Structure formats: C-alpha cells, structure tokens
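Residues per chain, in single letters:
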Amino acid sequence: MPRRPQNYDDYGTAVQQIILSTSDADFLDQLIPVLKDAGATSRTSYLTQSLTQYAEDREGDIERIGLTKHEEFLASVNQLQNVREGTVALTAEILKLNQSIQSSTEKLAEQKQALVNTRAVRENISDASDALKESLKILHAINHALDLIRKKQYYGALKSLEDTQNEFLIPILQNKYANQHKLADIIQKSIPASQKSISEAVMTDLNTWLFRIRETSQFLGEVAFWHTEMRRTKQRERVERDEFLGHFKLNSAIELVFDESEEFDVLDNEELQVDFTPLFEALHIHNALGQNERFRSDYAATRRRQKELLIPSSVSLTSDDESSLSSLLEGMAGFAIIEKATMTRVPQLRSTIDVEELWDSMCSSAITLTAKALSEVNNAETLLKIKGMFALFIQTMETWGYSVSRLDEFLVNLFDKYAELLKRRFSEDFQEIVSTDDYMPMAINSLEEYEKVINVSWFSPEKEISELTFPCVLPFSQMYPLCCIDIRNFLNQFYFFSDDHFQHPTKIDETLRKSLDALLTEKVCQSLVERLSSQYLGQIVQILINLEHFETACTELEQLLIRARSTSSAGGPLKLKATEQFRENKKTAEKRIFELVNSKIDDLVETAEYEWMTSATPEEPSNYMQTLTRYLSNIMNSTLLGLPREIKELIYFDALSHAANKILALPLSPDVKKINHNGVAALALDVKHLTDFVDGLENGFMLRSNLDELEQTILLLQSDNTDEFFDVSTRNKKYGRVDAMNGPILLEKYVV
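Residues numbered from 1 in each chain as written. Predicted model: local features only at pLDDT ≥ 70, side-chain atom pairs only at ≥ 80, totals over all residues. Heavy atoms only, no water.

Caption draft 1: Expanded view of the overall build of the protein. Of the regular secondary structure elements, the protein holds 25 helices and two strands. Across the 752 residues that make up the protein, the buried fraction comes to 42%. Within the protein, contacts between residues at least 6 apart in sequence are counted, and of these 75% link residues at least 24 apart. Split by element, the accessible area of the protein, about 41,600 Å² in all, is 51% carbon and sulfur. (Helix = DSSP H or I, 4+ residues; strand = E, 2+ residues; numbered from the N terminus. Buried < 20%, exposed > 50% of the residue type's maximum accessible area, 1.4 Å probe, protein only. Contact = heavy atoms within 4.5 Å. Areas by Shrake-Rupley, 256 points an atom, 1.4 Å probe, with all protein chains shown as cover.)

Caption draft 2: Examining unusual backbone geometry more closely. At the junction of F470 and P471, the peptide bond is cis and its omega measures out at 0 degrees in the coordinates. Tracing the backbone shows P471 in the loop between α14 (447-456) and β2 (472-474). The phi dihedral of Y439 falls on the positive side, at around 50 degrees, and the residue is not glycine. Here Y439 falls in the buried class, since its relative accessible area comes to 3%.

Caption draft 3: Layout of the packing of helix α21 (residues 677-695) against helix α23 (residues 708-718). Contact geometry for α21 and α23: axes closest at 10 Å, N-to-C directions at 150 degrees. As judged from the angle between their axes, α21 and α23 are roughly antiparallel. Between α21 and α23 the crossing geometry is left-handed. Two secondary-structure elements touch here, α21 through V680, A681, L683, A684, V687 and T691 and α23 through L710, E711, I714, L717 and Q718. (Axes fitted to C-alpha atoms, helices over the stretch in contact; angles between N-to-C directions. Parallel < 35°, antiparallel > 145°, perpendicular 65-115°, else oblique. Left-handed = near helix turned anticlockwise from the far one by under 90°.)

Caption draft 4: Quick peek at the nonpolar core. With 173 residues, the main nonpolar core has W359, I593, V597 and L632 as its most contacted residues. Per-element accounting of this core gives the leading share, 13 residues, to helix α13 (residues 405-436). Beyond its immediate sequence surroundings of up to four residues, L632 is in contact with V597, I601, Y652, A655, L656 and F693. (Core = buried A, V, L, I, M, F, W, Y, C linked by side-chain atoms within 4.5 Å.)

Caption draft 5: Expanded view of the packing of aromatic side chains. All told, the structure shown has 19 aromatic pairs when counted by the stated rule. Aromatic pair W359 and F393: ring centres 5.6 Å apart, planes at 35 degrees, arrangement tilted. In this pair, W359 is assigned in helix α11 (residues 352-373) and F393 in helix α12 (residues 380-399), connecting sequence segments 34 residues apart. Looking at W359, the relative accessible area reads 1%, which means it is buried. Overall, the relative accessible area of 0% leaves F393 in the buried class. Among the aromatic side chains, those forming a connected cluster through ring pairs are F459, F476, Y480, F550 and F582. Across the ring face of W458, the terminal group of R488 is positioned such that the distance to the ring centre comes to 4.1 Å. (Phe/Tyr/Trp six-rings, centres within 6.5 Å; stacked < 30°, edge-to-face > 60°. Lys NZ or Arg CZ within 6 Å of the ring centre and 35° of its normal.)

Caption draft 6: Layout of the pattern of salt bridges. Evaluation of the coordinates by the stated rule reveals 23 salt bridges. Here R294 ties to D298 by a salt bridge, and the two come within 3.8 Å at their closest N and O atoms. Residue R294 and its partner D298 are located together in helix α9 (residues 292-310), separated by four residues, close to a single helical turn. Two residues, K662 and D602, come together in a salt bridge whose shortest N-O distance is 3.8 Å. With K662 in helix α20 (residues 645-668) and D602 in helix α18 (residues 577-606), this pair connects stretches of sequence that are 60 residues apart. On the accessibility criterion, K662 (31% relative accessible area) is partly exposed. (Salt bridge = Lys/Arg side-chain N within 4 Å of Asp/Glu carboxyl O.)

Caption draft 7: Representation of helix α8 (residues 277-288). The terminal C-alpha atoms of α8, which comprises twelve residues, lie 16 Å apart, in line with the 16 Å expected from a rise of 1.5 Å per residue. Those residues of α8 that fall on the buried side of the exposure criterion are L279, A282, L283, I285 and H286. The buried side chains of α8 occupy one side of the element, clustering within an arc of 165 degrees when seen end-on. One or two steps after α8, the chain reaches G290, where phi turns positive at roughly 70 degrees. (Expected span 1.5 Å × (residues − 1). Arc of directions from axis to C-beta.)

Caption draft 8: A look at α21. With 19 residues, α21 extends 26 Å from end C-alpha to end C-alpha; this agrees with the ideal 27 Å at 1.5 Å per step. Elements in contact with the buried residues of α21: α19 (623-639), α20, α22 (700-704) and α23. For α21, the N-terminal cap is N676; the gap from its side-chain oxygen to the backbone nitrogen of N678 is 3.1 Å. (Polar contact = N/O pair within 3.5 Å; in protein donor to acceptor, adjacent residues only side chain to side chain.)

Caption draft 9: Main features of the environment of S705. With respect to the helices and strands, the residue S705 is situated in the loop between α22 and α23. It is 10.0 Å that separates the C-alpha atoms of S705 and V694, two residues lying eleven residues apart in sequence. Those residues in contact with S705 that lie beyond four places of it in its chain are F653 and R737.

Caption draft 10: How the structure looks around the environment of F410. Note that F410 resides in helix α13. Look at F410 and you get buried, because its relative accessible area is 3%. Taking the C-alpha atoms as reference, F410 lies 8.7 Å from A371; in sequence the two are 39 residues apart. Setting aside its immediate chain neighbours within four residues, F410 contacts I367, T370, A371 and F390.

Caption draft 11: Quick look at the confidence of the model for the protein. Here the protein shows a mean pLDDT of 78. Residues at 70 or above account for 76%. Low confidence marks residues 1-8, where pLDDT is under 50. Its contacts with residues over four positions away, or in another chain, come to six contacts. (pLDDT = per-residue confidence, 0-100.)

Caption draft 12: Region of the structure containing the packing of α14 against helix α15 (residues 479-496). It is at 8 Å that the axes of α14 and α15 come closest, and there the two elements cross at 50 degrees. Accordingly, the angle class assigned to the pair α14 and α15 is oblique. Like other packed secondary-structure pairs, α14 and α15 cross with a definite hand, here left-handed. Contacts between α14 and α15 involve V453, N455 and V456 from the former and P481, C484, I485 and R488 from the latter. A class-by-class count of the residues in the contact of α14 with α15 yields five nonpolar, one polar and one charged. (Nonpolar A, V, L, I, M, F, W, Y, C, P; charged D, E, K, R; others polar.)

Caption draft 13: Up close: the side chain of E339. The topology assignment puts E339 in helix α10 (residues 323-345). A polar atom in the side chain of E339 sits 2.6 Å from the side chain of R350. The contacts of E339, once residues within four sequence positions are left out, are Y299, R303, R350, V355, L358 and Y402.

Caption draft 14: View of the state of the cysteines. Following the criterion strictly, the structure yields zero disulfides and no others. C554 takes part in no disulfide bond, and the closest cysteine sulfur to it belongs to C525, at a distance of 8.4 Å. Given a relative accessible area of 1%, C554 falls into the buried group. (Disulfide = S-S within 2.5 Å.)

Structure below.
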C-alpha cells in the first residue's frame with residue numbers, strides 16, 4: 001500500500017527542474033539556488049524529503065509499471081537502480097556541497113558580523129575621538145583660565161570662564177544626549193569655585209596692596225607736608241618781592257594760581273609712586289561677579305580697621321618725643337589723601353560721606369589725644385612747634401578739599417594754652433627784673449651799648465648821639481630796657497603763633513592786649529608801687545622816673561598794637577589799662593616823694609631851737625635852716641635831677657609850702673607863750689635865708705609865693721602899727737596872705 005504523502009514545503013517544482021536537468025552543470029545550476037534559498041539545515045532536509053518523496057513516487061510508478069510491464073519494469077528498475085545510485089551519489093554530493101555552502105555561509109556571516117562590529121567600533125572610536133576633542137577644548141579653556149589666575153590676570157581668567165560657559169558648557173548641558181554632558185556638568189559645577197578662587201586671589205592682592213598703602217601712608221604724608229612747606233617758601237618769597245601778596249594766604253585762589261605752573265603729584269613722583277591698579281582690578285572683578293555691594297562693604301570695613309590701627313592709644317608732646325605727634329599727623333594725612341584719591345578715581349567705591357566720616361573720626365581722635373597730652377607741656381616753644389605741625393597738616397589737607405574747621409577751633413585752644421605759658425614765663429621774667437633792679441640811673445659806657453639800649457627801649461633822648469660823651473647816665477634804671485626787651489619778645493612770640501596758618505587773628509590781638517595789660521599792671525606797675533614803701537628817696541624818685549617811661553612805652557605800644565593787628569580786626573583806637581595805671585601811680589610816687597621830703601623837712605624843723613624871749617639878736621641863720629636849704633639843694637641837684645622839670649618844680653613847690661607851714665607853726669605852738677622882738681628877729685633871719693635860697697633857684701619867682709604868708713607874718717610882728725591887721729582893707733593890701741586866725745594869736749604872744 002502506497003505511503004501517505006507528507007506535507008512538505010513546495011519543492012516539487014524545484015525537484016522537477018533538478019531531475020529534468022540535462023547535464024551536471026545544469027543540475028548544479030538548478031540545485032544551488034534551492035540550497036541557497038533554503039538557508040538553513042532544516043530547510044535542506046525538506047528538499048531531501050521532497051527528493052525522497054519524488055523517488056518513492058517514482059518507485060510506486062515503477063512498481064505499478066513493473067506489475068504491468070515486467071520487462072519494462074525490470075529495465076526501468078535497472079534504470080531506476082542506476083538513477084538511484086546516481087541519486088544517492090548526487091545526494092551525497094549535494095550534502096557535501098550543502099555542507100560546504102553552509103560552512104562558507106557561516107564564514108561569510110562571521111566576516112559580515114566582524115565587518116559590522118568593526119564599523120561600530122570605528123564609529124565609536126570616531127565619536128569618542130570627537131568627544132575627546134571637544135572635551136580637550138573645554139579642558140584647554142579651563143586650564144587657560146587657571147593659568148591666567150596663576151599669572152594674576154584675574155579679569156582675563158574670569159572672562160575665559162565666562163566664554164567657556166557660553167561657548168561649550170551651556171550648549172552641551174542643553175543637549176542632554178551629548179557625549180560630554182557629564183564632563184560639562186562637572187566643570188559647570190566647578191565654575192563657582194573657580195570664580196570664588198579668583199575673588200579670593202583678587203582680595204589677597206588687594207589686602208597686600210592695602211597693607212602696603214598703610215605702611216606707605218606716613219611717608220605719603222611726609223611727602224605731602226614737604227610739598228606744602230615748599231609752597232610756603234615760595235609764597236614768602238613772593239611776599240618779599242610784592243608786599244601786597246601778603247594779604248593772600250596759602251591755598252587762597254591767588255596762591256593757587258601762582259603755584260599751578262608747578263606740577264607735583266604727591267601720589268606719583270620721584271620719591272613715591274602709589275599704583276591703584278590692584279584696587280581697580282578688584283573692583284572690576286567684583287563688578288563682573290555682581291558683588292559690588294559686598295566689595296564696597298568689605299573695603300569700607302578694611303579702611304575703618306586701618307584707620308583704627310593708625311590712631312595710637314596716646315601721644316607724647318614733650319621735647320624728647322615730638323615725633324609721635326608728627327608721625328600721627330603724617331599718617332593721617334597719607335590715609336586721607338589715599339581716601340580722597342580713591343574717591344576721585346573710583347566714585348562708585350567711596351562716597352563723600354564715607355570719606356568725611358573717616359576724616360572727622362581721625363580729627364576727633366587727634367584732637368582728643370593732643371588735648372589729653374597738653375598737660376605735659378610747660379614750654380611755649382614746644383607748644384609753638386605743636387601748632388606748627390597742626391598748621392602744616394591743616395594747610396596740606398585744605399589742598400585736598402577737607403574741612404578743617406574743627407582743627408582751626410582746636411588751634412584756638414592751643415593758642416589759649418600758648419598765651420597762658422607765655423604769660424607765666426614772662427611774669428616770672430618781669431618779676432625777676434623788677435626785684436633785682438638797683439633802682440639807679442643806668443650808666444652807659446660806650447656808644448655801642450647806648451645804641452643797643454635806645455633800639456630796644458621806647459626812649460627819645462634829649463641830645464643827639466654826636467653830643468654825648470661816654471660814660472653817660474640815662475634817666476631810667478636798668479629794669480626799663482630789660483622790660484622793653486621782654487615786651488618786644490612777648491609781642492613777637494605772640495605773633496609767631498599766627499605765622500603760616502591761624503584763622504583767628506582777632507583772638508590774638510585781644511588776648512595779647514589783655515595779657516600785656518596784665519603783665520604791665522600786675523608784674524611791673526604793681527611791683528613798682530609796692531616798692532614805694534621804701535624810705536630811700538632816691539629809689540622812690542627812680543621808681544617815679546621808671547613809671548614815667550613805662551607810661552611813654554605804653555603809649556607807643558598802643559600805636560604798635562594798632563599797626564600790628566590784622567586787617568580783619570575791628571578798627572578804632574586801642575587803649576591799654578596799663579597806660580592809665582602807670583599815669584595814676586606816678587601821682588602815687590609823687591605823693592610818696594612829697595611824704596619823704598616833707599618828712600625830712602619835719603625832722604629838720606623839729607630840731608629848731610628858738611629862744612623866743614632871748615635878749616640877744618642872732619647874727620646867722622639857725623643850723624636847721626642851713627641844713628634844710630642844703631637838703632633841698634642837694635636833692636634838687638642829685639636825687640631829683642632825673643625827674644622831669646615840671647615834677648621837680650611841683651616837688652619844690654610842695655616842699656617849700658610844707659616848710660613854710662612847719663616854720664610858721666613853731667611860734668603858733670601852744671608851748672610858746674610869749675615872743676619878743678629878738679625872737680622875731682631870729683625867725684626873720686632864718687626866713688630871709690630861706691627866701692634868698694629860693695630866689696637863687698630857677699623859677700624862684702614862682703616858688704617864692706609859697707613863702708608869702710611866712711614873710712608877711714614876720715612883717716606883721718615887726719610892724720610898728722599892728723592895728724593895721726585888724727583893718728580889713730589895710731590887711732588885704734599888706735597882710736593878705738596872713739591867716740586871719742593866726743595873726744591875732746601871734747600878736748597876743750608878741751611882747752614889745
């Protein structure tokens with residue numbers, strides 16, 4: 001029974017074509033596509049099965065034919081046997097060929113897979129190479145930025161980082177599938193750290209610059225002071241050539257116009273160069289980083305700390321350590337100049353308020369420290385040097401536009417201290433001069449000595465120098481020219497304070513007037529008045545002469561002070577209280593002279609020994625009268641010689657009047673009961689001696705009037721008709737100077 005045909009793929013057509021092939025080449029041509037299309041061993045088995053099926057079908061046909069046609073069948077069998085053998089052989093060959101094809105196909109597939117793999121590797125390598133190149137660009141840019149940081153080219157480094165971000169990092173990060181995304185992300189995250197390192201590096205350089213600036217501040221201030229001193233010198237030279245320019249101080253518009261041709265940059269010169277590049281760079285970097293406010297705040301805090309470091313805890317103003325104040329002022333000047341220069345160059349960094357705040361703080365500290373240390377200063381010259389330091393500081397800082405009003409006010413305090421020290425020192429000098437004077441007319445031994453005294457004293461000699469012979473004597477004592485020297489020194493030293501810079505000239509004028517008044521009244525005039533208690537007439541006379549010359553000196557001083565006071569001071573006359581004090585105390589001295597002269601006259605008159613009832617007439621004047629006239633002559637020609645003529649006449653006038661009264665009082669004394677004509681004759685002889693003495697004096701005619709009462713009283717007592725005294729008309733004519741009460745008393749005592 002024939003087998004049931006199996007369902008295979010339709011290879012029947014292919015088998016028919018293979019079987020019908022006329023030659024081996026044609027057979028293979030038909031077989032190869034079938035095997036090639038089969039592609040796999042499983043499909044080849046289907047072809048084999050189709051061939052087997054075809055063979056079985058043919059065997060079935062053969063068997064059927066063999067049953068009908070045996071011979072033909074046998075022939076066919078043989079033929080089929082041959083075909084089968086050929087088929088088997090062909091099958092074996094096909095299998096072999098299939099195996100060969102399969103082996104070639106696998107090798108080809110391997111080669112193709114290898115080729116595909118190679119192409120993928122090449123693409124990966126190419127992609128990796130491209131990514132590496134891009135990464136290298138990024139790394140190169142980053143390394144370039146870091147290299148710029150090492151070279152301190154901070155802005156270039158910052159710009160390089162920014163360009164790297166914009167050119168590489170941001171585009172890569174925006175493309176999430178880019179090969180460099182991870183690297184770009186890492187580098188992008190490192191950018192802030194790099195920017196911070198740049199900021200820190202810039203601040204490190206800036207802090208180094210600030211430290212150097214702080215170290216340079218004092219030298220900068222010293223250079224600024226030197227330049228101001230040079231300007232002072234030039235201004236003084238201009239004033240010497242044209243006195244009109246003396247009305248214009250340093251830093252005035254006129255002075256600045258004269259000085260504008262001389263270009264000198266305190267911040268850039270042969271001695272010093274201040275480079276602001278680190279500051280500009282730091283500001284530029286922080287501006288690029290958007291940290292302006294933070295930078296301003298940090299910079300301001302740093303400058304405040306530097307200002308605090310600049311101010312010491314104390315300063316010494318003694319002569320042994322003057323440098324502490326000068327160093328402080330130089331450091332302050334340098335600091336303030338840097339601040340002003342910074343504000344000018346970088347307005348957005350330092351505001352006017354910031355700079356003025358630091359300036360006011362420094363000025364307050366300097367004033368406080370100096371005021372605290374002033375208690376150590378007991379020397380006016382030291383205080384003058386301190387004022388000079390402040391004046392130089394003020395004039396320098398005025399040039400830079402700083403307000404110096406507080407410093408000007410402090411100079412007033414310095415001046416008060418200076419005036420106090422001067423007054424104290426000159427008080428001691430005047431006291432020493434007055435207490436050690438010999439109160440004798442000053443002897444001059446040479447022309448040179450005479451000229452020195454005349455030059456320093458306010459004295460107008462009566463004789464020309466050519467008429468003088470040496471040695472000679474000046475009317476005043478040695479204290480007068482010595483006091484004149486001290487007065488001139490006192491004036492000069494007072495006005496020294498106004499040199500260079502002092503905005504309160506009226507203060508100087510008024511303080512000088514008061515101080516000079518106090519010195520002259522308290523230390524000179526009062527001291528002289530205290531010495532009027534002396535019993536030595538010559539000393540009193542010399543004091544009076546000195547008072548006279550001091551009065552003249554005060555008058556001259558008033559005019560001198562008017563000429564010396566500043567143009568801004570109030571005009572009008574200037575009066576020294578001392579002038580009136582000397583004038584009034586001249587009268588006190590005159591009274592004291594009167595007292596001493598009259599006291600001497602009293603003593604002499606008290607020695608009179610009249611015998612009012614004597615029986616004999618004396619032939620010569622009494623001893624006391626002769627002594628009295630000699631005394632008056634001697635003091636006039638020696639002790640009172642130096643007095644002005646009018647004072648001498650006044651003293652003589654008073655002395656003669658006093659002597660006349662004392663002499664007249666002798667017979668009027670209650671102890672005298674009776675007087676005879678011999679007693680009257682003795683008195684008349686003494687009076688005649690006195691009148692003769694007076695007549696021999698210069699201006700004796702005027703002085704004689706003081707003796708009129710005494711003479712008329714004697715005439716009355718010697719008159720033959722004493723009743724005439726009681727007749728008013730006759731008395732007025734002959735005895736008009738005789739006291740109406742004394743006349744009757746003497747007439748009662750007179751015994752005929």
